[in-house]
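# Overview (structure and organization)
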Amino acid sequence: AAKQWVIKKKAPINPSIRKAEAKVVDAFDIEDIQDKAAFCRCWRSKKFPYCDGSHGTHNTETGDNVGPVVVKHK
Ligand code: FES
């Protein structure tokens, strides 16, 4: 059976990254991406906005299933 989640209150997604900023936005030129780039969606990477694999620990510890978005050239 699917795991049931009970949300008791609204909580931030970002625990610690660039909290002084009103909104964390990163923009990249596609031409600057060499082969491919993996961008973090779990907000746990020490190399944010790039994925450093920290989603694996996060998923193990929480039961979550998040991972990066990978951008690549054809
Ligand atoms: Fe966040 Fe990989 S470290 S998605």
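See above for the structure.
Attention here is on the structure that accompanies the text. (Residues numbered from 1 in each chain as written. Predicted model: local features only at pLDDT ≥ 70, side-chain atom pairs only at ≥ 80, totals over all residues. Heavy atoms only, no water.)

Within the secondary structure layout, S45 lies in the loop between β1 (36-39) and α1 (54-62). A distance of 2.9 Å separates a polar atom in the side chain of S45 from the backbone nitrogen of K47. From its side chain, S45 meets the backbone oxygen of Y50 in a polar contact 2.6 Å long. Here S45 is in contact with I17, C40, Y50, C51, D52 and S54, once residues within four sequence places are set aside. (Helix = DSSP H or I, 4+ residues; strand = E, 2+ residues; numbered from the N terminus. Polar contact = N/O pair within 3.5 Å; in protein donor to acceptor, adjacent residues only side chain to side chain. Contact = heavy atoms within 4.5 Å.)

Inspection of the entire model under this criterion finds 4 aromatic pairs. Ring centres 4.8 Å apart and planes at 50° place the aromatic pair F28 and F39 in the tilted group. You can see F28 sitting in the segment before β1 and its partner F39 sitting in strand β1, a full 11 residues away along the chain. Each member of the aromatic cluster is reached from another via a ring pair, and the members are F28, F39 and Y50. (Phe/Tyr/Trp six-rings, centres within 6.5 Å; stacked < 30°, edge-to-face > 60°.)

Our focus in this paragraph is the pairing of β1. Burial along β1 is one-sided: the face carrying A37 and F39 is buried and the face carrying K36 and A38 is not. Two strands pair when backbone bridges link them, and β1 and strand β2 (residues 69-72) are joined in this way by 4 bridges, in the antiparallel orientation. Bridge pairing links A38 to V70 in β2. (Buried < 20%, exposed > 50% of the residue type's maximum accessible area, 1.4 Å probe, protein only. Pairing = 2+ DSSP bridges.)

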